[in-house]
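Chain and residue survey
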Amino acid sequence: VQLQASGGGLVQAGGSLRLSCAASGRTFSIYAMGWFRQAPGKEREFVAAIRWSGTSTTNYADSVKGRFTCSRDNAKNTVYLQMSSLKPEDTAVYYCAADLTGYPHSKVYEYDYWGQGTLVTVSS
């Protein structure tokens, strides 16, 4: 499975941005897709996840609930992260990842494939 994240950029606080993650290869083996982020000097942390097929079960970190929405378009093999009401503390490199095993998990070690990151910078 190969993952390609895109859509990062510079946005002012309060603004919105949509990230995309296109999957290719053995996409039929994917159970869930997740978004993580890593700020400078900090550990990678969970943001959101969504089941890849069937019911669109989602999972969100408390810090983004109500502001971020994770969705998918299976016809395009793409997952999205719509980010609204952005805050400076949302600044990070955002990564998408594929989980082959189960529920949209929130732990880094539960994901099997990772895309390259896309930088999101929120200015105050």
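A brief structural summary. Everything numeric here is computed off the predicted structure, so don't read it as measured data.

Quick look at the side chain of Thr118
Inspection of the secondary structure assignment puts Thr118 in strand S11 (residues 118-123). A polar contact of 3.0 Å, which involves the side chain of Thr118, links it to the backbone nitrogen of Gly8. Filtering out sequence-adjacent residues up to four positions away, Thr118 remains in contact with Ala5, Ser6, Gly7, Gly8, Leu19, Ala92, Val93 and Tyr94.

A look at the pairing of strand S4 (residues 32-38)
Counted residue by residue, S4 has six buried out of seven residues, so it is predominantly covered. Summarising the sheet, S4 and strand S5 (residues 45-51) pair through six bridges and their orientation is antiparallel. Directly across from Gly34, in S5, lies its bridge partner Ala49. The antiparallel hairpin formed by S4 and S5 contains six residues in its connecting segment, where Gly41 sits at a positive phi of about 80 degrees.

With respect to the side chain of Arg72
In this fold, Arg72 is placed in strand S7 (residues 68-73). We note that Arg72 is buried and unpaired, the nearest opposite charge coming from Asp73 at a distance of 8.1 Å. Within the local environment of Arg72, its side chain forms a polar contact with the backbone oxygen of Arg51, the two atoms lying 2.8 Å apart. Look past the residues within four positions of Arg72 in its chain and what remains in contact with it is Ile50, Arg51, Trp52, Ser53, Gly54, Thr55, Ser56, Thr78 and Val79.

As for the pairing of S5
With respect to burial, S5 is a largely interior element, five of its seven residues being buried. The pairing of S5 with strand S6 (residues 58-60) spans three bridges and is classified as antiparallel. Among the inter-strand pairings, Ile50 is bridged to a residue of S6, identified as Thr58. Here S5 folds back onto S6 in antiparallel fashion, the turn holding six residues, of which Gly54 has a positive phi close to 75 degrees.

Focus: the packing of aromatic side chains
This model, assessed by the stated rule, comprises four aromatic pairs. Ring geometry for Phe36 versus Phe46: centroids 5.6 Å apart, planes at 70 degrees, classification edge-to-face. Taken together, the residues span a long stretch of sequence, with Phe36 in strand S4 and Phe46 in strand S5 at a distance of ten residues. Both residues of the pair, Phe36 and Phe46, count as buried. In textbook terms, an aromatic cluster arises when at least three aromatic residues are bridged by ring pairs, as seen for Phe36, Phe46, Tyr111 and Trp114. In this structure, Arg44 is placed above the aromatic ring of Trp114, and the distance from its NZ or CZ to the ring centre is 4.9 Å.

As for the pattern of salt bridges
The full count for this structure, using the stated rule, is four salt bridges. With a closest N to O distance of 2.9 Å, Arg37 and Asp90 form a salt bridge. With Arg37 in strand S4 and Asp90 in the loop between strand S8 (78-83) and strand S9 (92-99), the pair connects residues that are 53 residues apart, well separated along the chain. Like Asp90, Arg37 is buried. For Asp62, the salt bridge is made with Lys65, and the minimal N-O distance between the two is 3.2 Å. One salt-bridge network, in which partners are shared between bridges, spans Arg37, Glu45, Arg67 and Asp90.

Each value, and the rule that gives it
Residues numbered from 1 in each chain as written. Predicted model: local features only at pLDDT ≥ 70, side-chain atom pairs only at ≥ 80, totals over all residues. Heavy atoms only, no water. Helix = DSSP H or I, 4+ residues; strand = E, 2+ residues; numbered from the N terminus. Polar contact = N/O pair within 3.5 Å; in protein donor to acceptor, adjacent residues only side chain to side chain. Contact = heavy atoms within 4.5 Å. Buried < 20%, exposed > 50% of the residue type's maximum accessible area, 1.4 Å probe, protein only. Pairing = 2+ DSSP bridges. Lys, Arg positive; Asp, Glu negative; His and termini not counted. Salt bridge = Lys/Arg side-chain N within 4 Å of Asp/Glu carboxyl O. Phe/Tyr/Trp six-rings, centres within 6.5 Å; stacked < 30°, edge-to-face > 60°. Lys NZ or Arg CZ within 6 Å of the ring centre and 35° of its normal.

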